[in-house]
Amino acid sequence: RSAAALPPALAEARAAVAKLSAQTGLKGAALALGWLRQRPDGSAIIPVVGARTPEQMADTIASASNEIDITIVEALDAIAPPSLGFPHELIGSAYL
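Cut-offs used in this document
- Residues numbered from 1 in each chain as written.
- Predicted model: local features only at pLDDT ≥ 70, side-chain atom pairs only at ≥ 80, totals over all residues.
- Heavy atoms only, no water.
- Helix = DSSP H or I, 4+ residues; strand = E, 2+ residues; numbered from the N terminus.
- Buried < 20%, exposed > 50% of the residue type's maximum accessible area, 1.4 Å probe, protein only.
- Contact = heavy atoms within 4.5 Å.
- Areas by Shrake-Rupley, 256 points an atom, 1.4 Å probe, with all protein chains shown as cover.
- Salt bridge = Lys/Arg side-chain N within 4 Å of Asp/Glu carboxyl O.
- Core = buried A, V, L, I, M, F, W, Y, C linked by side-chain atoms within 4.5 Å.
- Polar contact = N/O pair within 3.5 Å; in protein donor to acceptor, adjacent residues only side chain to side chain.
- 1 Å grid on protein atoms, 1.4 Å probe; cavity = no way out; pocket = protein on both sides within 12 Å on 5 of 7 lines; lining within 4 Å.
- Points joined across faces, edges and corners; volume = space filled by probe spheres on them.
- Nonpolar A, V, L, I, M, F, W, Y, C, P; charged D, E, K, R; others polar.
- pLDDT = per-residue confidence, 0-100.

Each helix and strand in the protein was counted, giving 5 helices and 0 strands. Going from N to C terminus, the protein has its helices and strands arranged as α-α-α-α-α. Considered along the principal axes of its C-alpha atoms, the protein spans approximately 45 × 30 × 30 Å. For the protein, with 96 residues in total, the buried portion stands at 22%. Of all intrachain contacts in the protein linking residues separated by at least 6 positions in sequence, the fraction that spans at least 24 positions is 65%. In the form shown here, the protein has an accessible surface area of approximately 6,700 Å², with 64% of it arising from carbon and sulfur atoms.

By the definition in use, this model includes 2 salt bridges. Between Glu 67 and Arg 37 there is a salt bridge whose closest N-O contact spans 3.6 Å. Here Arg 37 lies in helix α2 (residues 28–37) and Glu 67 lies in the loop between α3 (54–65) and α4 (70–79), a separation of 30 residues in the sequence. Assessed through its relative accessible area of 63%, Glu 67 is described here as exposed.

Topologically, Thr 53 is positioned in the loop between α2 and α3. Residue classification places Thr 53 among the partly exposed positions, given a relative accessible area of 34%. Along the chain, Thr 53 and Leu 10 lie 43 residues apart, while their C-alpha atoms are 26 Å from each other.

Of all hydrophobic cores here, the largest spans 10 residues; its members are Leu 20, Leu 26, Ala 30, Leu 31, Trp 35, Ala 62, Ile 68, Ile 72, Val 73 and Leu 76. At the level of secondary structure, the elements contributing two or more residues to this core comprise α2 and α4. The residues contacting Leu 31, other than those within four sequence positions of it, are Val 17, Leu 20, Ser 21, Thr 24, Leu 26, Ile 68, Ile 72 and Leu 76.

Here we take up the side chain of Ser 63. Relative to the elements of secondary structure, Ser 63 occurs in helix α3. Side-chain polar atoms of Ser 63 contact the backbone oxygen of Thr 60, separated by 2.7 Å. Those residues within four positions of Ser 63 in sequence are excluded, and the remaining contacts are Ala 30, Leu 33, Gly 34 and Arg 37.

Within the span of α2, buried status applies to Ala 30, Leu 31, Leu 33, Gly 34 and Trp 35. Lining the buried residues of α2 we find α1 (8–24), α3 and α4.

Of the pockets and cavities examined, the largest pocket occupies roughly 170 Å³. Breaking the lining of the largest pocket down by element, the ones donating at least two residues are α2 and α3. Sort the elements by how many residues they give to the lining of the largest pocket and α3 lands first, with 4 residues. Residue classes in the lining of the largest pocket are distributed as 7 nonpolar, 4 polar and 1 charged.

For the protein, the mean per-residue pLDDT works out to 84, and 96% of the residues sit at or above 70. By mean pLDDT, the top-scoring element of the protein is α1 (91), and the lowest-scoring one is helix α5 (residues 88–91) (81).

Printed below as a string of structure tokens:
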């Protein structure tokens, strides 16, 4: 999808991720997968690999074999704060 077709907030997020991707030397997909894997609060997410092409598989392998600096992880958190959603929000609520 072209950046022009994105809402302004998403276009800004995309540009920020592209900048961090350039800093790390990782493609956006590898950076995103590494971000999920390296949660500093212990809530690491291990994604299910759904690579359809050799290039996508290479991105997945790169995400597993590269450590991302904590400052980059924190910058990604600031761009898109992770949300654990249901049932986590229900468990942490006053309803239980």
